Amino acid sequence: MNTVHPPSASGQLPPDLDPRRLPAHVAVIMDGNGRWAEERGWPRFLGHRQGVEALNDIVRCCKDWGVAALTVYAFSTENWGRPVQEVNFLMTLFHEVLERELRNLVAEGVQLRFMGDLAPLPKTLRHFMEEAMSATAHNQAVHFNVAMNYGGRQEILHAVQAVAHRVEQGELKAAAITEQDLTEHLYTHPTPDPDLLIRSSGELRLSNFLLWQLAYTELYVADVFWPDFDRACFHKALLHYQTRKRRFGRLDLPT
Ligand code: FPP
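Because the structure is predicted, anything quoted here is derived from the model rather than measured. The numbers attached to residues start from 1 for each chain and follow its sequence in the written order. Side-chain atom pairs in this predicted model are given and counted only at pLDDT of 80 or more, local residue features only at pLDDT of at least 70, and totals for whole chains, interfaces and linings cover all residues. Hydrogens and water molecules were not included; the side-chain quantities draw on all heavy atoms of the structure.

A. The pattern of salt bridges, seen in detail. One speaks of a salt bridge when a side-chain nitrogen belonging to Lys or Arg is within 4 Å of a carboxyl oxygen belonging to Asp or Glu. Counted according to the given criterion, the structure contains 19 salt bridges. Across the pair arginine 199 and aspartate 31 runs a salt bridge, and its minimum N-O distance is 3.1 Å. With arginine 199 in strand S5 (residues 196–199) and aspartate 31 in the loop between strand S1 (25–29) and helix H1 (33–38), the pair connects residues that are 168 residues apart, well separated along the chain. The partner of aspartate 57 in a salt bridge is arginine 231, with the nearest N and O atoms 3.3 Å apart. Placement of aspartate 57 in helix H2 (residues 44–65) and of arginine 231 in helix H7 (residues 231–243) is noted, with a sequence separation of 174 residues between them. For arginine 231, a relative accessible area of 15% gives the class buried. Note on conventions: DSSP H or I runs of at least 4 residues are helices, E runs of at least 2 residues are strands, and numbering of each starts at the N terminus. Only protein chains enter the calculation, and the probe is 1.4 Å; a residue is then buried if its accessible area is under 20% of its type maximum, exposed if over 50%, and partly exposed in between.

B. Focus on the site of the ligand. Within the structure, the ligand sits among 17 residues, and Asp31, Gly34, Arg35, Arg44 and Arg82 are positioned closest to it. Under the rule applied, a polar contact is a pair of N or O atoms within 3.5 Å (in protein, one hydrogen donor and one hydrogen acceptor; residues adjacent in sequence only if both atoms are side-chain atoms). Taking aspartate 31, its side chain carries an N or O atom lying 3.0 Å from an oxygen atom of the ligand. When the free accessible area of the ligand is taken as 620 Å², the share hidden by the protein chains comes to 90%. Elements supplying a minimum of two residues to the shell around the ligand: H1, H2 and helix H3 (84–107). The element contributing the most residues to the shell around the ligand is H2, with five residues. Tallied by class, residues from the shell around the ligand come to seven nonpolar, six polar and four charged. When at least one non-hydrogen atom of a residue lies within 4 Å of a molecule or strand, that residue is treated as near it. Per-residue and other accessible areas were derived by the Shrake-Rupley procedure at a 1.4 Å probe size, with only the shown protein chains allowed to occlude residues. Each residue receives one of three labels: charged for Asp, Glu, Lys and Arg, nonpolar for Ala, Val, Leu, Ile, Met, Phe, Trp, Tyr, Cys and Pro, and polar for the others, Gly being one of them.

C. Looking closely at the pairing of strand S3 (residues 110–115). With five of its six residues buried, S3 lies for the most part within the structure. The pairing of S3 with strand S4 (residues 142–150) spans six bridges and is parallel. Residue pairing in the sheet places arginine 113 in a bridge with asparagine 145 of S4. In this analysis, strands are considered paired if DSSP registers two or more bridges between them.

D. Spatial organisation of the side chain of histidine 25. Mapped onto the elements of the fold, histidine 25 is located in strand S1. Within the structure, histidine 25 has its side chain in polar contact with the side chain of threonine 71 (distance 2.7 Å). Side-chain polar atoms of histidine 25 contact the backbone oxygen of proline 192, separated by 2.7 Å. For this analysis, residues touch if any pair of their heavy atoms sits within 4.5 Å. If we skip the residues at most four places from it in the chain, histidine 25 touches Ala69, Leu70, Thr71, Asn145, Thr191, Pro192, Asp193, Pro194, Asp195 and Leu196.

E. Layout of helix H4 (residues 123–136). What a helix should span is 1.5 Å times the count of its residues minus one. Between its first and last C-alpha, H4 extends 20 Å over 14 residues, near the 20 Å set by a 1.5 Å rise per residue. Taken together, the buried positions of H4 are occupied by Leu125, Phe128, Met129, Ala132, Met133 and Thr136. Seen end-on, H4 carries its buried residues on one side only, within an arc spanning 140°. Exposed positions of H4 whose direction lies more than 90 degrees from the buried face are Lys123, Thr124 and Ser134. To be clear, the arc concerns the directions from the helix axis to the C-beta atoms.

F. Examining the state of the cysteines more closely. Throughout, disulfides are identified as pairs of cysteine sulfur atoms within 2.5 Å of each other. Under the criterion given, the structure shown has zero disulfides. Its sulfur unpaired, cysteine 62 is 6.3 Å from the next cysteine sulfur, which belongs to cysteine 61. Considering cysteine sulfurs only, cysteine 61 is the nearest to cysteine 233, which forms no disulfide, with 11 Å between them.

G. Broad picture of H7. In this model H7 runs 19 Å from its N-terminal to its C-terminal C-alpha over 13 residues, within 8% of the 18 Å that 1.5 Å per residue would give. Arg231, Cys233, Phe234, His235, Ala237, Leu238, Leu239, Tyr241 and Gln242 are the residues of H7 that are buried. On its buried side, H7 packs onto S1, H2, S5 and strand S6 (218–221). Looking at where H7 begins, the residue whose side-chain oxygen comes 3.2 Å from the main-chain nitrogen of alanine 232 is aspartate 230.

Written as structure tokens, this is what we have:
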């Protein structure tokens, strides 16, 4: 039977997880901030605030437990369609959190990378994001990718345009384009594809996240809103992951 032990308070990997079979890269759709707040009769922005605290702990948890890369969906290309007050709140929150956390991220060896079309973001936020990326560029404890103004289709389109440009320049023949040529232009490059995708709040959708990279990723849907996603939930997701047989489209043949 699969018993879920409480996560260790010391920050070490729980004993029922096999360190050799941890996902090297976990992607997360942090869904349910708004509903978490609404359920309490609170304004939605409080859900986003609490969501940041949950995220903070999961980044540290990846570092403590030995998950090498974490990619989270912070703001999608579609999120501009939310009420202007919510969009403005989120932009201010990103800035505030970055300012508050940058020193800790540097000290803890977290490499921070923002991925997406960053040009339309507020200028001050963008500058701060660039500063944060260069301040943490040499860190290796955990690679933390934050998708901002990100859309999976838009990312693929951007990569296709870059490859088409190389064809136009005569560097490459159209018929000779490989998957590798395209992946080199994805925002996640050179991070390998995620092994595990976690989505909180029970929804069964990809929501335009990492459409290319998720081709063979194991999916896990947590039944809690993102602000309630803690180490115990992460532990449970990793236990599930370790029960999966990954065949990448092949068959397991008897040896
Ligand atoms: C989805 O919940 C969440 C978001 C659109 C924002 C996620 C952002 C954070 C947790 C902050 C991250 C901060 C940094 C600095 C990376 P929702 O609003 O769609 O919830 P709902 O589905 O219940 O409405």
